[in-house]
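Breakdown of the fold
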Amino acid sequence: MEFKLFNTLTRKEEVIHAMDGEKFRFYCCGPTVYGPAHIGNFRTFVVQDCFRRVVEAIGIATRHVRNITDVDDKTIRDSQQAGQSLAEFTRHWREQFESDCEALNLLLPHVVPSAVEHIPEQIALIEVLLQKGLAYQGDDGSVYFRIRAFAGYGKLSGLKMEANRSNADQRLNAADEYDKENVSDFALWKAWRAEDGENRWESPWGLGRPGWHIECSAMSMRYLGQSFDLHSGGIDLIFPHHENEIAQSEGATGEPFSRHWFHVAHLRVEDRKMSKSLGNLHTLESIIDWGYQAMDLRYVLLSGHYRQPLNFKRHSLDGARTALQRFKRLAGALPTVSNAPVNQRQWGPFQAVIEALCDDLNTARALGELHTAAGQLEKALKGAGLSPESAQAAADGLANAMIAFGFDFERVSIDGEATKAVEIPAAILTLVKEREAARNARDWFRADSLRDALHAEGWTVEDTPTGPQPKRQ
Ligand code: AMP
Ligand code: ZN
C-alpha cells in the first residue's frame, strides 16, 4: 500500500518511502519544557504519532527523533522565578511531558535528545558556518547567521525576502533582540548576559548559550544523518524556525536537509485561539479533572484532518468516549486476535480505514470508515452472525485499525461508572431547578425558554420518574 502525504516544501502530496531503503528517518520538534504541554501541543504530537503508526502499519520501519528544548529565554526565566536550577526545573517538566505522552499512548521516539546535552554538536556546527562565511560574530559577542549569504532562504515558507522584508524582520526581531549586521539575521550563539545567571557554557566565542534554531539542526543531523526523510512540527514553526534550520543545515553541509516537511494546523478552543490571556490552555490534567480519559482526548485530537485547524469543544469528549466504548464492545463480541505476525497488515472489513489514513493521513475520513464498518459488523452479529473466517478477519482488522490510531482498549473503561460520570456545572443545575419550578407553576413559556438556555449551553433535560436529568447534547 502507498502512503501519500502533503509536503510543505514542494506543496504537493508525495509517496512516503525510506531514502536509504531501510528505515524511514524523521525528526519532530519537541516541547520546550517550562510548564505542562497543552492540548494544542498534543494535537501535533498525537498526529505525528499516528503518522508513524501508519508508516509502520504499511511495513516501513522507522527511526524517530524528538528533541527536548531545555534551554531558552523562557526556561531560564521561569527556573529563576521558581528558585531552581535550570536542570532541576526542566527535569520536572520533562518528566511531566513524558508521563502525559505515556497516558496518551504515544510511541516512544527512538532518540529523545536535549539541547543542553548537545552543546558541543551545536558549537561544531556554528564553527562550520563561520568558516564558510555564513555566520559572523556581532559586536555584542553573539554569533549570527548571515541570511543574505544563503541563496535558498525562504524556500519552505515561500517568503520573498525583498517583498516581505519588513514582515520578516519584525518576526525575527521578536525572537531575539541582539546587535546584528543585518536586521533579519538570527542568533546561533548568544553571548552571556547577567540575567542568564549561571546558565552559560564555554565556546570559542566566550561564555554563552546556543540560539534556539541551531539545536534542531545539530541534533537531527547527529541522529539521522545530513539528509533524512521527514521533519515535522506545528505550522507556527514553518517560519522562522524551520526556514532557519534549513539555512543552517544546508549552508553547513551543502546537501539537502529534510526531503519532506510535515506541518500540523493548530488546535483552537471553543472557536478561539489558545492563549494564556484567554485562560484556555487546557492540559491533559484538565481533561482528567473533567472526568474524561486520555484516550478520549486522543480521539478528539484525531477527529479532524491535520491540515485544517481543529476546533476543540469540551463536549466532543463525550462523543469520543461513546465511540471508543463502541469499538471496545465490538472487539469483545469478536474472536481473540490472531497472533502476530499472522495478522499483520490484515485489514479485513476495515480496509477503507487504512486507505483513508494513507490518503494524506485523513484521520477524519478514517474514523468515519471505522464507524461504518463497525455498524455493519454489529448488524451482522445481531442478525445471522458471521462465519468463523469473517469473524476472525474482522477481529484482526479492528485490532490493526486500533493500533494505527493508537487507541488502547485497556485504557477505555466501559463499566467504570466513577470515571464515566460527567460533572454537571452548578450553573446548569440552577437552570434545571428553575425550569422544574416553572413547570410546577405551569409557566410553560418560562420553562421552554429555560430549556432553550440549557440547549445553548450544550445540555438537554430528560424528565424521568425520579425527576429531571440533565444530559450533554
Ligand atoms: P513548543 O513547546 O511551544 O515548542 O510547541 C511544541 C509543539 O506544539 C510544536 O510543534 C508547535 O508547533 C506545536 N503547537 C503549539 N501550539 C499549537 C496549537 N495550538 N495546536 C497545534 N500545535 C501547536
Ligand atoms: Zn525544532
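Attention here is on the structure that accompanies the text.

Tracing the sequence through the fold places R94 in helix α3 (residues 86–103). Not counting residues up to four positions away in its chain, the partners in contact with R94 are V33, I68, V112, S114 and E117.

Read across the sheet, four strands follow the order β4-β3-β9-β10 without closing on themselves; strand pairing throughout is parallel. Every interior strand has two partners, whereas the edge strands, β4 (61–66) and β10 (258–264), have only one. Neighbour to neighbour, the strand axes of the sheet diverge by 25 degrees on average, direction disregarded. Here strand β3 (residues 23–28) pairs with strand β9 (residues 228–234) via three bridges, running parallel. Across the sheet, residue Y27 finds its bridge partner in β9, namely H231. Each of β3, β4 and β9 touches helix α6 (residues 212–224); the most contacted strand, β3, lies at about 160 degrees to it.

For the rest of this paragraph, the subject is the coordination of the zinc ion (ligand 2). Within the protein, the atoms that donate to the zinc ion (ligand 2) are C29 (SG), C216 (SG) and H241 (NE2), at distances of 2.1 to 2.2 Å. Within one chain, the residues donating to the zinc ion (ligand 2) are spaced in sequence as C-x186-C-x24-H. Remark: H241 occurs in helix α7 (residues 238–253) and C216 occurs in helix α6; sequence separation between them is 25 residues. Assessed through its relative accessible area of 1%, C216 is described here as buried.

If you trace the four strands from one edge of the open sheet to the other, you get β5-β6-β7-β8, paired in antiparallel fashion. Either end of the sheet is taken by a strand with one partner, and the two such strands are β5 (135–137) and β8 (208–210). Looking at each pair of strands side by side, their axes are set apart by 20 degrees on average, direction ignored. Pairing analysis gives two bridges linking strand β6 (residues 143–145) to strand β7 (residues 187–191), with the strands arranged antiparallel. Counterpart to Y144 in the pairing with β7 is A187.

The subject of this paragraph is helix α4 (residues 119–131). With 13 residues, α4 should reach 18 Å at 1.5 Å per residue; the first-to-last C-alpha distance of 19 Å fits that figure. Looking at α4, one finds that the buried residues are I119, Q122, I123, L125, I126 and L129. Seen from one end, α4 has its buried residues packed into an arc of 160 degrees, which puts them on one side. Projecting away from the buried face of α4 at angles above 90 degrees are the exposed residues P120 and Q131. The inward-facing, buried residues of α4 abut β5, β6, β7, β8, α6 and α7. Just downstream of α4, G133 is the residue with a positive phi angle, here 75 degrees.

With the rule as written, the count across this model stands at 24 salt bridges. Across the pair R209 and D196 runs a salt bridge, and its minimum N-O distance is 3.6 Å. Here R209 is found in strand β8, whereas its partner D196 is found in the loop between β7 and β8, with 13 residues between them in sequence. Judged by relative accessible area, R209 falls into the buried class, the value being 2%. Judged by relative accessible area, which is 3%, D196 ranks as buried. Between D359 and R365 there is a salt bridge whose closest N-O contact spans 2.9 Å.

Here we come to the nonpolar core. F3, F51, F312, L357, L361 and L370 are the most contacted members of the largest nonpolar core, which has 80 residues in total. The dominant element in this core, judged by the number of residues it contributes, is helix α1 (residues 39–57), at ten residues. Taken together, domain 1 (4–264) and domain 2 (267–459) each give at least three residues to this core, which thus spans both. Residues within four places of F3 in sequence aside, it is in contact with E14, V15, I16, F51, V54, V55, I58, L357, C358 and L361.

Let's shift gears to empty space enclosed by the protein. Summed over the entire model, instances satisfying the criterion amount to one cavity of 30 Å³ or more. Taken as a whole, the largest cavity encloses approximately 40 Å³ of empty space. Around the largest cavity sit C28, F45, Q48, D49, H64, R66, L106 and L107, which together line it. For the lining of the largest cavity, the elements supplying multiple residues, two or more each, are α1 and β4. Per element, the largest residue contribution to the lining of the largest cavity is three residues, and it comes from α1. For the lining of the largest cavity, the per-class residue count stands at four nonpolar, two polar and two charged.

Let's shift gears to the packing of aromatic side chains. Scanning the model with the defined rule gives 17 aromatic pairs in all. With centroids separated by 5.8 Å and ring planes inclined at 10 degrees, the aromatic side chains of F42 and F97 adopt a geometry described as stacked. Here F42 is found in helix α1, whereas its partner F97 is found in helix α3, with 55 residues between them in sequence. Note on accessibility: F42 and F97 belong to one class, buried. Measuring from ring centre to ring centre gives 5.3 Å for F45 and F97, while their planes differ by 70 degrees; the resulting arrangement is edge-to-face. Here F97 lies in helix α3 and F45 lies in helix α1, a separation of 52 residues in the sequence. Accessibility classification places F45 together with F97 in one group, the buried group.

Calculation criteria
Residues numbered from 1 in each chain as written. Chains lettered and ligands numbered in written order. Predicted model: local features only at pLDDT ≥ 70, side-chain atom pairs only at ≥ 80, totals over all residues. Heavy atoms only, no water. Helix = DSSP H or I, 4+ residues; strand = E, 2+ residues; numbered from the N terminus. Contact = heavy atoms within 4.5 Å. Pairing = 2+ DSSP bridges. Axes fitted to C-alpha atoms, helices over the stretch in contact; angles between N-to-C directions. Donors = N, O, S within 2.8 Å, 3.2 Å for Na, K, Ca; no water. Buried < 20%, exposed > 50% of the residue type's maximum accessible area, 1.4 Å probe, protein only. Expected span 1.5 Å × (residues − 1). Arc of directions from axis to C-beta. Salt bridge = Lys/Arg side-chain N within 4 Å of Asp/Glu carboxyl O. Core = buried A, V, L, I, M, F, W, Y, C linked by side-chain atoms within 4.5 Å. Domains from an automatic or database assignment. 1 Å grid on protein atoms, 1.4 Å probe; cavity = no way out; pocket = protein on both sides within 12 Å on 5 of 7 lines; lining within 4 Å. Points joined across faces, edges and corners; volume = space filled by probe spheres on them. Nonpolar A, V, L, I, M, F, W, Y, C, P; charged D, E, K, R; others polar. Phe/Tyr/Trp six-rings, centres within 6.5 Å; stacked < 30°, edge-to-face > 60°.

Just geometry here; none of it tells us what the structure is for.
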